[in-house]
Amino acid sequence: MNSMRSSRGVALITALLIMALIASMTYTLKWNNSLDIRRTGVMLNRDQAVQIAVGAESWMQTILRQDLEESDTDHLGEIWASDLPALPIDGGEVYGEIQDLQGRFNINNLVGDDGNVDEEALEQFQRLLTALGLDPRFAGIAADWIDADQDASFPDGAEDAIYTGITPPYRAANQLISNAAELAALEGMDKATMDVLLPHIVALPGHTEINVNTATGAVLQSLDERISAADAERLIAERAESGFAEIAQSFGGLMEPDDISRRLVETTEFFQLRVTVRVDTVRITYYSILERGPRGDVTPILRSLGTT
Ligand SMILES: [Ca+2]
Ligand SMILES: [Ca+2]
């Protein structure tokens, strides 16, 4: 009798254990399944968001192409310069803006075609740093970062001898850079300085001139030592949204006539598109540098997601 009762008890406990095991397995399966569905959903939404960003990019290429047909100069009153307002899309929205990158100082101007430091650009970068209340020493240090040689400039410079002594060690680029944010690696550079500097600089392939119709106040001031902060403010008020009427006149007295004609432009080849797309809970920011050729062909030369 007793042994029958105990074996029934064992059977009951076993049955309960099996049921508990099945329940926990089902739960795990359901959990994994919902994770898979979620993961797949996020991947699909992300793909869709990238496709929409690429679509916005091709639309912007058309706008820039048309702009070249319709105008001889580029200024902040043109269609491309106005923000792309938030547009509703299926399950989300898209918005963005385009910026004229030639309104900024091109870090790659620091080195000439011959691989040597371009003294004129170096002085301009020093003036830009000073105008922004930053240490002008970074100009020489940035030039060493890009120039091909390993000879640290004096008094402001840094080459591998310095960078390989830092923990963890690294080496200078010693070539043109593709992202101005790379200057964060410069000797002595900190985040506060980069935050102030980044809106005024860019890294474009080869030498570029400044478009005075879109240049920031500090960049206008960097053009010549004679241009004060008050002059830059006055120039920005004068150009307003439609650009300068006659740059030779506006900059006369502030720069040598030869410098005006040689170094100032009113047109732009390089633009940066920034598009943010939200699809459901997925949000991406897509950056694309667009180069517009003299015949109006617009080519993306650098694309990235989520960074500048
Ligand atoms: Ca234009
Ligand atoms: Ca170097």
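As the structure is a computational prediction, the values presented were derived from the model and not from experiment. (Residues numbered from 1 in each chain as written. Chains lettered and ligands numbered in written order. Predicted model: local features only at pLDDT ≥ 70, side-chain atom pairs only at ≥ 80, totals over all residues. Heavy atoms only, no water.)

**Side note on the coordination of the calcium ion (ligand 1)**
- Coordination sphere of the calcium ion (ligand 1), protein contribution only: Asp67 (OD), Asp67 (OD), Ser71 (OG), Thr73 (O), Asp74 (OD), Glu78 (OE) and Glu78 (OE), at 2.3 to 2.7 Å.
- Going along the chain, you hit the donors of the calcium ion (ligand 1) in the pattern D-x3-S-x1-T-D-x3-E. Of the two residues, Asp67 and Asp74, both sit in the buried class. (Donors = N, O, S within 2.8 Å, 3.2 Å for Na, K, Ca; no water. Buried < 20%, exposed > 50% of the residue type's maximum accessible area, 1.4 Å probe, protein only.)

**Description of the pattern of salt bridges**
- Scanning all chains against the criterion turns up 16 salt bridges.
- Measuring nitrogen to oxygen at the nearest pair gives 3.7 Å for the salt bridge that ties Asp258 to Arg262. Remark: Arg262 and Asp258 occur in helix α9 (residues 257-263); sequence separation between them is four residues, near one turn of the helix.
- Residue class for Arg262 comes out partly exposed when judged on its relative accessible area of 39%.
- Of the charged contacts in the structure, one is a salt bridge between Asp259 and Arg262, with a shortest N-O distance of 2.7 Å. One end of the pair, Asp259, and the other, Arg262, are both in helix α9, three residues apart, so they sit about a helical turn from each other. (Salt bridge = Lys/Arg side-chain N within 4 Å of Asp/Glu carboxyl O. Helix = DSSP H or I, 4+ residues; strand = E, 2+ residues; numbered from the N terminus.)

**Describing helix α3 (residues 137-146)**
- Counted residue by residue, α3 has nine buried out of ten residues, so it is predominantly covered.
- Among the residues making up α3, those that are buried are Phe138, Ala139, Gly140, Ile141, Ala142, Ala143, Asp144, Trp145 and Ile146.
- Turning to α3, the residues buried within the fold contact α2 (119-131), α4 (160-163) and α5 (191-197). (Contact = heavy atoms within 4.5 Å.)

**With respect to unusual backbone geometry**
- Residue Pro155 follows Phe154 across a cis peptide bond; omega there is 5°.
- Here Pro155 lies in the loop between α3 and α4.
- Unusually for a residue other than glycine, Asn174 sits at a positive phi of about 55°.
- Examined against the element boundaries, Asn174 turns out to sit in the loop between α4 and α5.

**Quick notes on the packing of aromatic side chains**
- Tallying each qualifying case throughout the model produces six aromatic pairs.
- Considering the side-chain rings of Trp80 and Phe271, the 5.1 Å spacing of their centres and the 70° angle between planes classify their relative orientation as edge-to-face. Of this pair, Trp80 sits in the loop between α1 (2-70) and β1 (84-89) while Phe271 sits in strand β7 (residues 270-279), placing them 191 residues apart in sequence.
- Classification of Trp80 by relative accessible area gives buried; the value is 2%.
- Its relative accessible area of 0% is what places Phe271 among the buried residues. (Phe/Tyr/Trp six-rings, centres within 6.5 Å; stacked < 30°, edge-to-face > 60°.)

**Examining the sheet that holds strand β8 (residues 282-292)**
- Taken in spatial order, the five strands make up an open sheet running β1-β2-β7-β8-β9, and their pairing is antiparallel. Each having just a single partner strand, β1 and β9 (298-305) make up the two edges of the open sheet. Across the sheet, the mean angle separating the axes of adjacent strands is 20° when strand polarity is ignored.
- Relative to β7, strand β2 (residues 92-100) is paired through nine bridges, and the arrangement is antiparallel. In the strand pairing of β7, Glu97 is matched with Arg274.
- Across the sheet, α1 touches β1, β2, β7, β8 and β9, and the angle it forms with β8 is around 30°. (Pairing = 2+ DSSP bridges. Axes fitted to C-alpha atoms, helices over the stretch in contact; angles between N-to-C directions.)

**A few points about the domain arrangement of the protein**
- Domain parsing of the protein yields domain 1 (2-102 + 270-305) and domain 2 (106-264).
- For domain 1 and domain 2, the distance between their C-alpha centres works out to 35 Å.
- Between domain 1 and domain 2, the residue contacts involve 13 residues of the former and 14 residues of the latter.
- Between domain 1 and domain 2, a total of about 1,100 Å² is buried, with carbon and sulfur atoms accounting for 59% of that surface.
- When residues of domain 1 are sorted by the area they lose upon contact with domain 2, His75, Leu76 and Gln102 head the list and together hold 47% of the total.
- For the pair domain 1 and domain 2, the interface holds zero salt bridges. (Domains from an automatic or database assignment. Buried area = accessible area lost by both parts, 1.4 Å probe.)

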